[in-house]
Amino acid sequence: MDIKHICCIGAGYVGGPTMAVIAQKCPHINVTVVDINEKRIAAWNDEDLSKLPVYEPGLDKVVEEARGRNLFFSTEVDKAIDAADMIFISVNTPTKTYGKGKGMAADLKYIELCARQIARVATSDKIVIEKSTLPVRTASAIKSILDNTGNGSEVKFQILSNPEFLAEGTAIEDLLDPDRVLIGGDTSTAEGKKAIQALASVYANWVPQKQILTTNVWSSELSKLTANAFLAQRVSSINSLSELCEKTEADVNEVAKAIGMDSRIGSKFLKASVGFGGSCFQKDILNLVYIAKTYGLNEVADYWEQVIIMNDHQKRRFAHNIISTLFNTVSGKKIAFLGWAFKKDTNDTRESAAIYVADELLNEQSKVAVYDPKVSEEQMYADLDYLNTRSSEENREGVSVFNNPYEACKDAHAIAVLTEWDEFKTYDWQKLYDQMQKPAFLFDGRGILDTDALEKIGFVCYKIGSGKNPEI
Ligand code: UDX
Ligand code: ADP
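Residues numbered from 1 in each chain as written. Chains lettered and ligands numbered in written order. Predicted model: local features only at pLDDT ≥ 70, side-chain atom pairs only at ≥ 80, totals over all residues. Heavy atoms only, no water.

S.K.: Describe in detail helix H11 (residues 281-294), supporting the description with residues and values.
M.R.: For H11, built from 14 residues, the straight-helix expectation of 20 Å at 1.5 Å per residue is met to within 8% by its first-to-last C-alpha distance of 20 Å. For H11, the tally of buried residues reaches 11 of 14 residues, placing the bulk of the element in the interior. The complete set of buried residues in H11 reads Phe 281, Gln 282, Lys 283, Asp 284, Ile 285, Leu 286, Asn 287, Leu 288, Val 289, Ile 291 and Ala 292. Residues of H11 that are buried sit in contact with helix H9 (217-248) and helix H12 (298-325). One or two steps after H11, the chain reaches Gly 296, where phi turns positive at roughly 75 degrees. (Helix = DSSP H or I, 4+ residues; strand = E, 2+ residues; numbered from the N terminus. Expected span 1.5 Å × (residues − 1). Buried < 20%, exposed > 50% of the residue type's maximum accessible area, 1.4 Å probe, protein only. Contact = heavy atoms within 4.5 Å.)

And the structure:
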């Protein structure tokens, strides 16, 4: 099957960059990314590439090359659906905030709405692809909606699962050179195999054949949840040991290096931190936990839930370390945050540890001053308001946002590093120190600074997982 028109529903952190790369690598395919959010589509179409709604290194170049040629961003969802041979569903699947499965199960209402919309407007056969991470067996729900709510035309649908493994901040690199592309489909029928082949041939324009893996749909759906659960588990594992290191004078970075050299363990994803964030890890583990519980597999559910419990503990522990180190009170004290994004090189703040650390400090009446190179002030307040801990006025009173790190840190009692942005390492730390209240405290929640050198300047340093932290 020759694919000429692709439509992607959802122009977010996954849909936008993924489709930009497909369009760049497949100039013979027209790729239209649609979204109901008009502001977002307008930003994707902005002449000024610094205004793209997603910040990713290298994304602007890819968009510049393909946009207007064979990459289009539009709010005309129905039109793009009908014109497409292949439709990617890349909408958000947040954790449910209401009803059955509240706080655990994925909210599939956006996915279901998409499926109904496709069924309503399609007048020709379509391959429908789940790109968003979904609970295992969602494909069968999509298939049932597509097959039973049609518009009367004899349209056939094939459902594939093609989870995206890109990590934010390195999305373009990951898309251009993926470890693997996973395609799950109906391997038992000729039509299913044909659909899998059609998608594989799109990726084959730049991904070596041996890296394109095909499985049944359920394996593909579950592999994505499993990959994220394993990655998050590594972070929680090393974070759990960071607390033990702080008590025993061991150093978590030394431990990570020593174990990481064992080729069975591997060295990646062993960086102790203030806690993992991002839109995927927590959501996907909760999903896994919910599915396991649904099948009555309580030991399996408890096992994975512990990864989240550890992560919540790590975020809270970091905030409480700040409070206790600052003589058990931060009331009225200015704490400067370097970083708000959940990791460097992204403007995404979903589930960022910074939000939760700020929340704990605000509970103690601290004044939080934030600088982040890419996150807008509006986003930071929206993140705090979303927690619903206090009113929006109180959040604005407690948190001030700066576009200059030196201003943010002026007169602060402490600096807390919440994101590992490279630029933080290049600052004039003597200058920062000189303008702070004394003693000047520094809490490195990302283990990126040379705290030995900072201590020579006069900072009192706390570093995640270091046995040399101040006595508290
Ligand atoms: C993750 C997966 O890596 C990716 O494959 C999947 O498609 C989506 O979820 P992402 O959330 O974008 O990607 O970023 P990732 O690099 O995995 O980092 C997640 C969080 O873990 C960040 O907050 C990061 O700072 C933290 N982390 C990561 C650590 O604290 N220590 C580490 O060693 C690695
Ligand atoms: P992700 O990180 O998974 O890409 P985002 O929240 O960044 O998630 O993006 C999902 C996008 O999907 C949002 O821009 C949202 O407006 C869009 N979306 C959700 N439902 C629909 C729908 N029915 N039709 C079109 N776009 C939708």
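What follows picks up the thread again.
S.K.: Please set out the packing of helix H5 (residues 109-121) against helix H6 (residues 138-148) residue by residue, giving values where relevant.
M.R.: In contact at an axis separation of 8 Å, H5 and H6 are set at 30 degrees when each is read in the N-to-C sense. As judged from the angle between their axes, H5 and H6 are roughly parallel. As for how H5 packs across H6, the hand of that crossing is right-handed. On H6, the residues touching Ile 111, Glu 112, Ala 115, Arg 116, Ile 118 and Ala 119 of H5 are Ile 142, Ile 145 and Leu 146. Within the contact of H5 with H6, the residues separate by chemical class into 7 nonpolar, no polar and 2 charged. (Axes fitted to C-alpha atoms, helices over the stretch in contact; angles between N-to-C directions. Parallel < 35°, antiparallel > 145°, perpendicular 65-115°, else oblique. Left-handed = near helix turned anticlockwise from the far one by under 90°. Nonpolar A, V, L, I, M, F, W, Y, C, P; charged D, E, K, R; others polar.)

S.K.: Requested: an account of the site of ligand 1, with residues and values cited.
M.R.: If you check the shell around ligand 1, you find 20 residues, and the closest are Phe 165, Glu 168, Ser 273, Lys 343 and Arg 446. At a separation of 3.2 Å, an oxygen atom of ligand 1 approaches a polar backbone atom of Glu 164. The separation between an oxygen atom of ligand 1 and a polar main-chain atom of Gly 277 is 2.9 Å. Residue contributions to the shell around ligand 1 peak at 4 residues, all from H9. Along the lines of polarity and charge, the residues of the shell around ligand 1 split into 11 nonpolar, 3 polar and 6 charged. (Near = heavy atom within 4 Å. Polar contact = N/O pair within 3.5 Å; in protein donor to acceptor, adjacent residues only side chain to side chain.)

S.K.: Before we move on, can you summarise the packing of aromatic side chains with the specific residues and values?
M.R.: Counting across every chain of the model gives 16 aromatic pairs. Between the aromatic rings of Phe 276 and Phe 281, the centroid separation amounts to 5.5 Å while the plane-to-plane angle is 80 degrees, which identifies the pairing as edge-to-face. Its relative accessible area of 7% is what places Phe 276 among the buried residues. Under the relative-accessibility criterion, Phe 281 is labelled buried at 11%. (Phe/Tyr/Trp six-rings, centres within 6.5 Å; stacked < 30°, edge-to-face > 60°.)

S.K.: Now, about the site of ligand 2: what can you tell me, with residues and values included?
M.R.: The environment of ligand 2 is formed by 15 residues, the closest being Tyr 13, Val 14, Asp 35, Arg 40 and Arg 350. Residue Val 14 places a main-chain N or O atom 2.9 Å away from an oxygen atom belonging to ligand 2. In the environment of ligand 2, a nitrogen atom lies 3.4 Å from a nitrogen or oxygen atom belonging to the backbone of Ile 36. Coverage of ligand 2 by the protein amounts to 89% of the 580 Å² it exposes when considered alone. Taken together, the residues of the shell around ligand 2 sort by class into 7 nonpolar, 5 polar and 3 charged. (Areas by Shrake-Rupley, 256 points an atom, 1.4 Å probe, with all protein chains shown as cover.)

S.K.: Outline the sheet that holds strand S13 (residues 441-444), supporting the account with residue identities and numerical values.
M.R.: With parallel pairing, the 6 strands of this open sheet are ordered in space as S11-S10-S9-S12-S13-S14. At either margin of the open sheet sits one strand with a lone partner, and together these are strand S11 (399-402) and strand S14 (460-463). Between one strand axis and the next, the sheet turns by 20 degrees as a mean value, whatever way the strands run. Inspection of the sheet shows strand S9 (residues 334-338) paired to strand S12 (residues 414-417) by 4 bridges, in the parallel sense. Each bridged residue has a counterpart across the sheet, and for Leu 338 the counterpart in S12 is Val 417. Those strands touched by helix H13 (residues 353-363) are S9, strand S10 (367-371) and S11, and its axis lies near 180 degrees from that of S9. Most of the contacts of helix H14 (residues 377-387) go to S11, to which it runs at about 155 degrees, and overall it touches S10 and S11. (Pairing = 2+ DSSP bridges.)

S.K.: Can you tell me about the packing of H13 against H14, naming the residues and giving the values?
M.R.: Close contact between H13 and H14 brings their axes to 10 Å; oriented N to C, the two are set at 65 degrees. Relative to H14, the element H13 lies roughly perpendicular. As for the relative orientation of H13 and H14, their crossing is right-handed in sense. Each of Ile 355, Tyr 356, Ala 358, Asp 359 and Leu 362 in H13 lies in contact with H14, whose residues at this interface are Asp 383, Leu 384 and Leu 387. Taken together, the residues that form the contact of H13 with H14 break down as 6 nonpolar, no polar and 2 charged.

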